[in-house]
Amino acid sequence: MEGSSVTLTCSSDANPAATYTWYKEDEHSPKASVQIFVISDSRHEDSGNYTCEAKNIRGHHSSTIHVSVVEGKLYPFTFSCTEPTWMDGWILALC
């Protein structure tokens, strides 16, 4: 809902530890270089696909999640994390 905060979390079991970068679809600059990305005071314009890239010296992997910011009343809802992805020694999940 507009005005609320949205928290996106990216995690990996990479060794050595990964660094994280968040991108929004159709934007050239990264939104943040953190594991936990928070959109404070969200607006409808914040809706879209967000991709987290986890990177270390052995490589990189990414995962995308869709964010919908809606106007109006806040209704109860549930959500779950994306299915963890295992590839080349990486586990990546978005919540």
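Residues numbered from 1 in each chain as written. Predicted model: local features only at pLDDT ≥ 70, side-chain atom pairs only at ≥ 80, totals over all residues. Heavy atoms only, no water.

## Structural notes on the overall build of the protein
Note the following rule: Only DSSP runs of H or I covering at least 4 residues are called helices, and only runs of E covering at least 2 are called strands; the numbering of each starts at the N terminus. A contact between two residues is defined here by any heavy atoms of the two lying within 4.5 Å. Areas reported as accessible are Shrake-Rupley estimates using a 1.4 Å probe. Residue values count occlusion only from the protein chains shown.
The number of helices and strands found in the protein is zero helices and seven strands. Relative to all contacts within the protein whose residues are 6 or more apart in sequence, the contacts with residues 24 or more apart total 62%. Here the protein has roughly 6,400 Å² of accessible surface; of this, 52% comes from carbon and sulfur atoms.

## With respect to the nonpolar core
Nonpolar side chains in soluble globular proteins tend to end up buried together. This is how the line gets drawn: By nonpolar core is meant a set of buried Ala, Val, Leu, Ile, Met, Phe, Trp, Tyr and Cys residues that side-chain atoms within 4.5 Å join together. Only protein chains enter the accessibility calculation, which uses a 1.4 Å probe; a residue is then buried when its area is under 20% of its type maximum, exposed when over 50%, and partly exposed in between.
Leu8, Tyr20, Trp22, Phe37, Tyr50 and Val67 are the most contacted members of the largest nonpolar core, which totals 16 residues. Where this core is concerned, the elements lending two or more residues are β1 (6–12), β2 (19–24), β3 (36–39), β4 (48–56) and β5 (59–67).

## Some words on the packing of aromatic side chains
Stated precisely, the cut-off is as follows: Ring geometry is summarised as follows: Phe, Tyr and Trp rings, the Trp one being its six-membered ring, pair when their centres sit within 6.5 Å, and such pairs are stacked at plane angles under 30 degrees, edge-to-face over 60 and tilted between the two.
In the structure shown here, the tally under the stated rule is two aromatic pairs. Between Phe37 and Tyr50 the ring centres are 6.1 Å apart and the planes differ by 45°, which places this aromatic pair in the tilted class. With Phe37 in strand β3 and Tyr50 in strand β4, this pair connects stretches of sequence that are 13 residues apart. The class for Tyr50 is buried, based on a relative accessible area of 1%. Put simply, the rings of Trp22, Phe37 and Tyr50 touch in pairs and so form one group of aromatic residues.

## So, the sheet that holds β5
Quick reminder of the rule: Only strands joined by at least two bridges in the DSSP assignment are considered to pair. For helices, the fitted axis covers only the stretch in contact; all axes are lines through C-alpha atoms, and the angles between them, taken along N-to-C directions, range from 0 to 180 degrees.
Strand order across the open sheet formed by three strands is β2-β4-β5, with antiparallel pairing between neighbours. Lying at the two open borders of the sheet, with one neighbouring strand each, are β2 and β5. Strand after strand, the sheet turns through a mean of 20° between neighbouring axes, direction not considered. Two strands pair when backbone bridges link them, and β4 and β5 are joined in this way by nine bridges, in the antiparallel orientation.

## A word on the confidence of the model for the protein
The condition that has to hold: pLDDT: the predictor's confidence for each residue, scored from 0 to 100.
On average, residues of the protein carry a pLDDT of 81, and 75% of them reach 70 or more. No element of the protein has a lower mean pLDDT than strand β6 (residues 85–87), which averages 53, and none a higher one than β2, which averages 95.

## Some remarks on the pairing of β3
Alternating residues of β3 divide into Phe37 and Ile39, all buried, and Ile36 and Val38, none buried. In the sheet, β1 pairs with β3 via four bridges, with the strands oriented antiparallel. Across the sheet, residue Leu8 finds its bridge partner in β3, namely Phe37.

## Regarding the pattern of salt bridges
Here is the rule: Throughout this description, the term salt bridge denotes a Lys or Arg side-chain nitrogen within 4 Å of a carboxyl oxygen of Asp or Glu.
This model, assessed by the stated rule, comprises three salt bridges. Notably, a salt bridge pairs Lys31 with Glu27, separated by 3.5 Å at the nearest N-O pair. Classification of Glu27 as partly exposed rests on a relative accessible area of 34%. When the shortest N-O distance is used, the salt bridge between Glu53 and Lys55 registers 3.9 Å.

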